[in-house]
Structure formats: structure tokens, C-alpha cells
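What the coordinates show
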Amino acid sequence: MKKTRAETDFSHRHISRRAALLGGAQLLFIGGLAARMRYLQVEEADQFRLLAEENRINVRLIPPSRGEVFDRNGARLAQNAPSYRIVIVREDAGDVDETLGKLAKIIRLEEGTVERVKEEMRRSAPFLPVTVISDASWDEISRVSVNAPALPGITPEVGLSRVYPQGSDFAHVLGYVGPVSDYDLSKIEDPEPVLMIPRFQIGKVGVETKLEPLLRGKAGAKRVEVNAAGRVMRELDRQEGKPGSDIQLTIDSALQGYVQARISKESASAVIIDCDTGDLLACASAPSFDPNLFVRGISQADYGALTGNKYRPLASKTVQGLYPPGSTFKMITAMAALEAGLIGPDETAYCPGHLTVSGRRFHCWKRAGHGWVDLQDSLKKSCDVYYYDLAIKVGIEKISAMARRFGLGIKHDVPMSAVAEGLAPTMQWKETFHGQPWRVGDTVNSSIGQGFLLASPLQLAVMSARIATGREVSPRLIKSVDGVEQPLRGGESLGVNENNLRKMRRAMHAVVNDRRGTAYRSRIIAEDMRMAGKTGTSQVRNITAAERRAGVIRNEDLPWERRDHALFVNFAPFDRPKIAVSVIVEHGGGGSKAAAPIARDITLQALYGGQPPLEAYPAKDRDRIATQQEELRAIQPLVSINGRDQA
Amino acid sequence: MSYLEYNVKHTPTGLRKIFYLNWPVAILLATVSGAGFLMLYSVAGGSFSPWAEPQMKRFAAGFALMIFVAMVPIWFWRSLSGMAYLVTLLLLVAVELFGTVGMGAQRWIDLGFMRLQPSELMKITLVMLLAAYYDWLPAKKTSRPLWVLIPVVIIIVPVMLVLRQPDLGTSILLLAAGGGLMFLAGVHWAYFAAVIASGIGLVTAVFQSRGTTWQLIKDYQFRRIDTFLDPSSDPLGAGYHITQSKIALGSGGWTGRGFMQGTQSRLNFLPEKHTDFIFTTLAEEFGFVGAISLLGLYTLIILFCVWSALLNKDRFSSLLILGIALNFFLFFAVNMSMVMGLAPVVGVPLPLVSFGGSAMLVLMLAFGLMQSAHVHRPR
């Protein structure tokens, strides 16, 4: 069927008209598209560009490396050691089951590891590493590395973790670090973002927490470009943070190691303080624990063993432990009386074995009494009645004031956890806290360091140092920060009469060096090392009248918890004191028997800067001491003495 | 039906036909495809694999196909119209029965050497058959109800099949192309008015069906419409595509961030960055200048096609060329509207630029037909 020209022309005209219409509509639409393009790309460009930047830029924190801690001679006490993890990245691993199966053949995987890893993988993005082993050994790392081609997606990762090379020796001083907990965050008012980094470690106890701001440093930041899934594509720029400050302690790690070993069998604590500077040379609390366990995350069993131990290894007894100072307080009572001018030059008092005060009988530890005693005798023999008498004359207010002057009942500024204030009671205090008036009996009890009085080993060491120097010695734990020496505090004179102090020192000298002194058996015979000290035995129970009649039960026959605390404070050398020491053995029995020998050993160790010669000991002790030194060397063989010449 | 119907006084023969091709259109097609290669290279992070290289091979094959189709006289192709339509329809049914499910819809038949998407092919064969129908139908019968009903059935059957896959984008394109061809053929205005009215009714019905047992479209399609109407309502979910796409476009600014510097696409913020959303990459990297240039190229292709159709005194050829041009227009107009947030996200690629074999080959086939009609036009 051939079309006529007229037909084709007609249809063509018709098509042309409609085509023009449709074409026009199309052009109109294209114009609309162009307008939209202009709107988005020109008019709104700035806003969209901003949105695009927000999309792609992500700020990541760079955790600062934590400051290290050294002892006074430069030995490392806390450091950051590489810790190894084995991680798996799902998107690189291919068949996860197969890969983990291969891994399990190469290294030992704990039960349930595979399930945990798969569960974690399911919940996280495919490119994020999931930890398979968090605390891998070097052996495991090398095995994984060697077999790397057969283990797609599995890589060893290195991180920094806190390590305490001296282990338990510094557990109480340094404390330890651990991952930030919700509880930690709740205590911090405006937590730094760096704390939100998973596995970031902060100080939990001790110096680690008290000096946290110094040790932590400042986090850096890097701006990274991320894709839609959050994967880092490249780093745009970075701002370095500030690493934490290195801290140097005043403690001598070799000495600390010795002291810790010396007291390790007891529930005891000992403090050695430098009389000139107030530097804490040793600050030992036994038994101790390995802080490294806490860094890695302590097991339930280990933790249970620590908390269940009746010797309380977790307690930092040097600063936290409070004990009635017992007879070691007698110097304070005596000083208060001397300063008040209540003791004449040759004044003596009679001790019949007890003193009756307002109808109540107070006993001397020696039932038969000491007879006529002067000041020096009273301290040497630790006569109680003499001090009862003095205290009643002086009054509690002056005694407490003197106690505070010598560093008891006040809080010393030492960056350790739970530093206790102790207690030097006043009348007002008892009124406020007990709602009862102060009684003379309370004064009598206080005169020999019982009753309400409470002091920590640190405070007793400070007291001893202040008696030795007559100056306001204040304990210092931090020697330098980033090499900058920290200021010494409180070198001023105590403002007490030097003659009185000399009397006290002579009396303390007699306690140790006089044949009838309570600590005579613990004397030092090396001429220039002689020490002066005072024993103390503080009761933790009341001795009833009935018991007294039947004869006081000997400490050895009591259960451990009810035995007396044994205390000893001393300073040495006597003529120009360098160190002051305090030792408390919990429930150790008598101070002369349990505490004084320890004090002597650690005093000599400190003065000689290492193991003392046997000649420093009295002849008949030497064999025993030699054996003991042998034993102690076996306990603490590995104390590194960096940068210290062993003279 | 033979060449005798064409008042051909003089027709180029043999290889000389090459000189009579509509070269401006061929060159424009190559230019647009070239822009496509560039963008595919860019979104792959500066690499010819996995997208740019296969796309270049396909374009080469497609261009050869176009030349080949152009060499064959248009009356031969016209005689195949009915058969082509029926075969495509059967393929659509075959997809329904044996097709591969991809992206939640049955769209492809795997032929071994390529995956065929019959709905793409249908865009061309539908236009061919309608053009042939209106060429055959005497002009005065065009608007009679019975003769209107036949093309409506021809359009509706494939539209329903594609809708079942489900592929809303392509079925709307088919409907629009078919309707457009009827309009060009001169069907009376009143029919269109009626269809538009009933279309509004249908949309209402679709929305009414939501949540009922006779729900007409899938949940994801509803969500896409929702988010189109208010993208900010779900910025990380379904509205994510539109929001990120607009950010990419907008951040391009006047001159763009520079080749391979588009952060949005390179960092995977954009979905389907190598297919449906490739325009956003171009707009981000080359800015307003680049985007408007591409739009300009597309417009020129349309204008040259319309010019060629108006030159052509043969009714089938004119309608075919206009139909192909309309299809092409719908392709890029819907895609651009979608990425610019003017239309809901329906899976329509950007012609010649988006990565995809089926669409590229079908488009080049269509332009081969257009060229054939141009070469063999009555002179």
C-alpha cells in the first residue's frame, strides 16, 4: 500500500506540531534541572561543602605515653612496656572458622575464645580488629608472625602497658593503674576525652592516682579522613600531645627491697625518713602484693586470696594504718612537761607499780613498780606511772599541742592513698565526737600513748626525726618531676627548748644503749652508728581487774588478733642524726622483742647503704644476724641498683 | 511493506552510507560516554578496573552495533517490529519465571556472555511497534476508541510485567515513552486528560493500599517515596541516599573539587556511586560547570534527534526517532531529578555514563535504529 504524497505530508505536519510541543516540554524540564543544579551547586554550595567536611573529617585522640617512675638513684619503678595482642580483622580473614582453626593449631586458645571472638565480630564493623589473645607471650607472637601467610587477617599488635619491675616492693607506694571504669568517670567532674579510649589506663591507687595529672600528660589529636563506614582512609594532620612527666621518688629501691623483705613474714610496716630533708627513704608495708596482677586484670582467685588474708596485704599500713603509739608517745608527754617547766633538774618520782586517779587504779606495766625514777630512768625503763603523774600536771591540751608540733595527729602531705590524719585528742574533740566530758583518766591513758591516741608509722617516723633535729621535718616522697627538684618543706625550728630536746635524746640513747634499757638487746655497737630509740607496746584489749589478779596472760598465749602491737621509733647516728625510723609489727607482742630488732637491721642497712658489716652488731648476735642476712638475700635477690656504686 | 513505500529517489548504498550517518549525534554519544569513563575511573579510586575498562569495551561494541544497525535499511527493521516486541515480551515472562534475583528484584536473564535485562530492550521494541502501528493506521482512525485501545494494551502488558519484577522506575519510563509516542502520533487530547485523571486516581489508590493485604507496591518503594517527600526524616536510613547525594552535588560548587578529589564518592558516602548516583560524583568533582556541560550534551543529542525526525518525511522513522529521543530524555531527566532530590529514588541509571552493559548496548542499538532512519530517509 503506497502512500500518497498528500498523506505523508499531512502526517508529517501533524507530527511536527506535536514533536515541537513535546520537545518544548522537554526543554522546559531541562531548564528546570539546570536551575536546580544552580541552586544546589552555586547558591547552597557553602552549606553543602560544610556538611561534606563534617562527613569526612574525624578527630582521633592520640593517647599520651604515661610518665615513668624512678627511685632516688634512677632505678625504674614503673615503666611502659610493650604488650602484645593477637587480633583478627574479619574482612581480611576470609573464612573465619577456618582461620581460627588454624590459629588454634599453632597456639593454645583458651576454651570459649573462638565463640567470644565470633560474637564480637558479629557486633563490630568488618574492618575493626577483634582481640583474640589480649596478653600474648613473645613466643606466641613469633609463632603467629612466622605463620602469617597461612593466617589471613590475623596480626600481632603492640601496645604499651604499665609494668612494675620491682613487683610487690612498691605496691603500696606506687599503687597501680587499670582501665578507666565507670566509677572512675563518675568521680571526675569534667572527664578528658582521652579517658574514653578503650583500654586507657589511669592510676587507681597510690602515687599513680595521686599524681595522675602529671603522669598522664596531654593527649594529642589527629584529624583523619574517614569513609562512610568509619574506616580511616588517611591522616590529614596531627597535633602531638605531651607525654606524662617522669617522676623520681625519694625512696631508695634497694633499701625498700631490703626493708620489705625484712618484715615480709609479719603484718608490719616500717618507715625510714631522712632527718635533713624529710625524704622518705623507705616506706614498707607487709605483706605486699604484685601490682602487675591488677594491671592485667586480677583473677577472682588471686583477689580473694588477698582480701581473705588476715594480714591485710592490700592495706597500706605505713600511712593508712593507725595504732595507739604506746610508750613511743612518752617523749611527747615528757616534752610537754619539760616545756611547761614542770620537771626540775634532778626531780624524781616514785613508782609503786600503780597510780590511783579519781578512784580508778592505773597500773604500770611492771607490777612491782620501778621505785624512785628520774626522767631518763623513766624513759629507759618505760615506767608508766611517771608519765601518768606528769600528764595529770601538764593537762591534755598541752600534750596534744606538743603531739601536733611533732607531727602526730596532723595529716602529712604525701601523695599516697588514704593518708590518715591520726588523732591527738583534745577536750573539745571528745565533747564533740563522744558527747562526753574529758576525764582525768583519759589524760592518764593518753600519757602513755593509749586511749584515744592514734598514729601512723609515717607520723611516728616524723616525730622521731623532729626529736632528732629539733626542726619541723616534713616527709617528702617526690624528689623530682621531669628532672626538676621538688622543694623541701618545713625545715624551720620547732621552737622548743634545745636543752629539753637534748634531754629527750639522751634518754632515748639510754633506752637502747644502757644495760637496763628496754631496747638494749637491739643496740648498735659501731661507734659512729649508735642509735637512740624508744620501744612501744600498745594494747589492743583491756586488761580486766580479774585478769590482773590472776596474772596477765602472756602475749604468746593469746590468739594473734588480741596480742599487743609492737612499736619502735629511733634515729641514728646518735651524734648527728641522719635517719629516723619507725617500725610497727601488728600484734607482734612487745616492742623491744618484735620491733626493735627490725628497726636496728633496717637502720644499719640504711646507714651503710647496703649490707652492714657484722661488726656493727653486738658480738653475741653476730651468728644469728649472719644467718638472717643469708636468708634475706635469698628472698630479695634481684633488686637492681642502677647507677649506685656499692661501697 | 517495502522500501517502495518510502519515496526514495536516491539512497546511499554500501559503505558510502557511513558518510550519511548523523555524525553530530554519534560524536555526542562518544563524548558523553567518554565523560562516563572518566567518572568510572575516578570512583574506582583512579583505576580502570573494575568499571572503566569493561565500560569502554562495551561502548566499543555498542558503537560497532550502532554502525551495523545503521547500515541496514530502516524498512527491514520496521518489518521486524512486531516480532521484536513479541520476543521481548516473552523474555519478560521468562525473567518472571527463571530470572536472577538481584537487589531484591528479578531483572536479568543470564545468557552466559552477558546478563540481559529485557525491560531495557522493551523500551526500544515498544517504541518500534507503536511507531509501526501508527504508520500503518490511517491518520483519521487514530483517535477512535478501538484503535486507541490496541496501543494501550501494547503498552500496559509489558508495564505490568516490569512492575511485577518489581522495577517501578523502568515501568514508569515505559509508560511515559508509550504515552509520549501516542501523543506524537496525534491521539486526541481528551484521552490524555482522562489518563492523567485516572493516573491521579491510581496514585491515590496505591497510597490507600498501604498496609492492607492488597498492597500494590512494596514497602521499600513506599519508604522511598516517604523519604523523597521528607529526606531529613531519616537521614541515616532511607533518606541517606538523597541527603548524601545533595551534599556531594552542593559541595562541588562552581568548578568542583577537581578530578578524583570528590570526598563524598571516594569515601563511600554515596551509594551506587558507579551506577545510579554517578552524576553526583561528576557534579562534585567538576562542579556546576561540569554538571551543566553534561546536561548541555544531553540536550544537544535530543535536539539533533528531533531535528533529524523533523527532516524525515517518513512517518515510522519520525515517530521512531522521536520515541527514542523521548526515551533518552526520560532516562537522564529521571536520573538527574532523582539525585538532585526532585524525584524519589527509583533505580534509573544515567544513560551512557552509569556502569552497566545492558543499558549501554540497548541504547546504542536504539541510536543505531535512529541512524538507520536518518540514513534511509526519503529524499
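Everything below is about the structure shown above.
Residues numbered from 1 in each chain as written. Chains lettered and ligands numbered in written order. Predicted model: local features only at pLDDT ≥ 70, side-chain atom pairs only at ≥ 80, totals over all residues. Heavy atoms only, no water.

A word on the packing of helix H15 (residues 330-339) of chain A against helix H18 (residues 396-405) of chain A
Residue and element names in this part refer to chain A. Condition: Whenever a helix is involved, its axis is fitted only over the stretch in contact; in every case the axis is a line through C-alpha atoms, and angles between N-to-C directions fall within 0 to 180 degrees. Put simply, DSSP H or I for four residues or longer makes a helix, DSSP E for two residues or longer makes a strand, and each gets a number counted from the N terminus. Roughly parallel here means an angle under 35 degrees, roughly antiparallel means over 145, roughly perpendicular means 65 to 115, and every remaining angle is called oblique. Two helices crossing with the near one rotated counterclockwise from the far one by less than a right angle form a left-handed crossing, whereas a clockwise rotation gives a right-handed crossing. Note on definitions: a residue-residue contact is assigned when non-hydrogen atoms from the two residues lie within 4.5 Å.
Direction vectors running N to C along H15 and H18 enclose 115 degrees, while the axes themselves pass 9 Å from each other. With respect to H18, the element H15 is oriented roughly perpendicular. For the element pair H15 and H18, the recorded crossing hand is right-handed. Across the interface between the two elements, Ile332, Thr333, Met335, Ala336 and Glu339 from H15 touch Lys398, Ile399, Met402 and Ala403 from H18.

Quick notes on the side chain of Arg523 of chain A
All names here are of chain A. Note the following rule: The definition of a polar contact used here is a pair of N or O atoms within 3.5 Å, where within protein one atom must be able to donate a hydrogen and the other to accept one, and adjacent residues in sequence count solely through side-chain atom pairs.
Mapped onto the secondary structure, Arg523 falls in the loop between helix H22 (498-513) and strand S19 (532-538). Within the local environment of Arg523, its side chain forms a polar contact with the backbone oxygen of Tyr520, the two atoms lying 2.9 Å apart. The contact partners of Arg523, leaving out residues within four places of it in the chain, are Val512, Asn513, Arg600 and Pro618.

Details of helix H3 (residues 74-98) of chain B
All names here are of chain B. Selection rule: Each residue after the first adds 1.5 Å to the expected span of a helix. Two axes enter the definition of the bend at a residue: one is fitted to the seven residues ending there, the other to the seven starting there, and the bend is the angle between them. Residue burial is assigned from relative accessible area. The probe radius is 1.4 Å, only protein chains are included, and a residue is buried under 20% of its type maximum, exposed over 50%, and partly exposed in between.
Here H3 contains 25 residues, and its C-alpha end-to-end distance of 33 Å stays within 8% of the 36 Å for a straight helix at 1.5 Å per residue. By the largest-angle criterion, Ser81 marks the main kink of H3, which is about 45 degrees. Those residues of H3 lying buried are Ile74, Trp75, Trp77, Arg78, Ser81, Tyr85, Thr88, Leu89, Leu92, Ala94 and Val95.

A look at the packing of aromatic side chains
Rules: Between rings of Phe, Tyr and Trp, where Trp is taken as its six-membered ring, a pair exists when centres lie within 6.5 Å; planes separated by under 30 degrees are stacked, by over 60 edge-to-face, and by other angles tilted. Geometrically, a lysine NZ or arginine CZ counts as sitting over a ring once it is within 6 Å of the ring centre and also within 35 degrees of the ring normal.
According to the stated counting rule, one finds 31 aromatic pairs over all chains in the structure shown. On the basis of an interplanar angle of 25 degrees and a centroid distance of 5.9 Å, the ring pair of Trp429 of chain A and Phe433 of chain A is categorised as stacked. Here Trp429 of chain A and its partner Phe433 of chain A are both found in helix H19 (residues 427-434), four residues apart, which amounts to about one turn of the helix. For Phe433 of chain A, a relative accessible area of 61% translates into the label exposed. Aromatic side chains Tyr298 of chain B and Phe328 of chain B sit 5.5 Å apart centroid to centroid with 65 degrees between the ring planes, which places their arrangement in the edge-to-face category. Remark: Phe328 of chain B occurs in helix H12 (residues 315-339) and Tyr298 of chain B occurs in helix H11 (residues 278-311); sequence separation between them is 30 residues. When sorted by exposure, Tyr298 of chain B lands in the same class as Phe328 of chain B, which is buried. Three or more aromatic residues joined by ring pairs form one cluster here, namely Phe29 of chain A together with Tyr298, Phe328, Phe329, Phe332 and Phe367 of chain B. Between the NZ or CZ atom of Arg18 of chain A and the centre of the ring of Phe183 of chain B, over which it lies, the distance is 4.6 Å.

Re the packing of H15 of chain A against helix H17 (residues 384-394) of chain A
Any two packed helices are characterised by the angle at which their axes cross and by the distance between the axes. Residue and element names in this part refer to chain A. This is how it is decided: Ten residues, namely Ala, Val, Leu, Ile, Met, Phe, Trp, Tyr, Cys and Pro, are considered nonpolar, four, namely Asp, Glu, Lys and Arg, are considered charged, and the remaining ones, Gly among them, are considered polar.
Contact geometry for H15 and H17: axes closest at 9 Å, N-to-C directions at 45 degrees. In terms of their interaxial angle, H15 and H17 are classed as oblique. Remark: the crossing between H15 and H17 carries left-handed chirality. Between H15 and H17, the contacting residues are Lys330, Thr333, Ala334, Ala336 and Ala337 on the first element and Asp384, Tyr387, Leu390, Ala391 and Val394 on the second. In terms of residue class, the contact of H15 with H17 is built from seven nonpolar, one polar and two charged.

Section: unusual backbone geometry
Residues and elements named next belong to chain A. With an omega dihedral of -5 degrees, the bond running from Ala286 to Pro287 counts as a cis peptide bond. Inspection of the secondary structure puts Pro287 in the loop between strand S12 (280-286) and helix H12 (291-296). Following Ala572, the chain continues to Pro573 via a peptide bond in cis, the omega torsion being -15 degrees. Along the chain, Pro573 turns up in the loop between strand S20 (565-572) and strand S21 (579-585). One non-glycine residue, Ser358, adopts positive backbone phi at about 35 degrees. Relative to the elements of secondary structure, Ser358 occurs in the loop between strand S14 (354-357) and strand S15 (360-363). Its relative accessible area of 71% is what places Ser358 among the exposed residues.

Here we look at the pattern of salt bridges
Residues and elements named next belong to chain A. Rules: By definition, a salt bridge exists where a carboxyl oxygen of Asp or Glu is found within 4 Å of a side-chain nitrogen of Lys or Arg.
For the structure on display, the rule yields 31 salt bridges over all chains. A salt bridge links Lys102 to Glu98; the shortest N-O distance between them is 3.6 Å. Residue Lys102 and its partner Glu98 are both found in helix H4 (residues 96-106); the two are separated by four residues, about one turn of the helix. On the basis of relative accessible area, Lys102 is assigned to the partly exposed category, the value being 31%. On the basis of relative accessibility, which here comes to 45%, the residue Glu98 falls in the partly exposed class.

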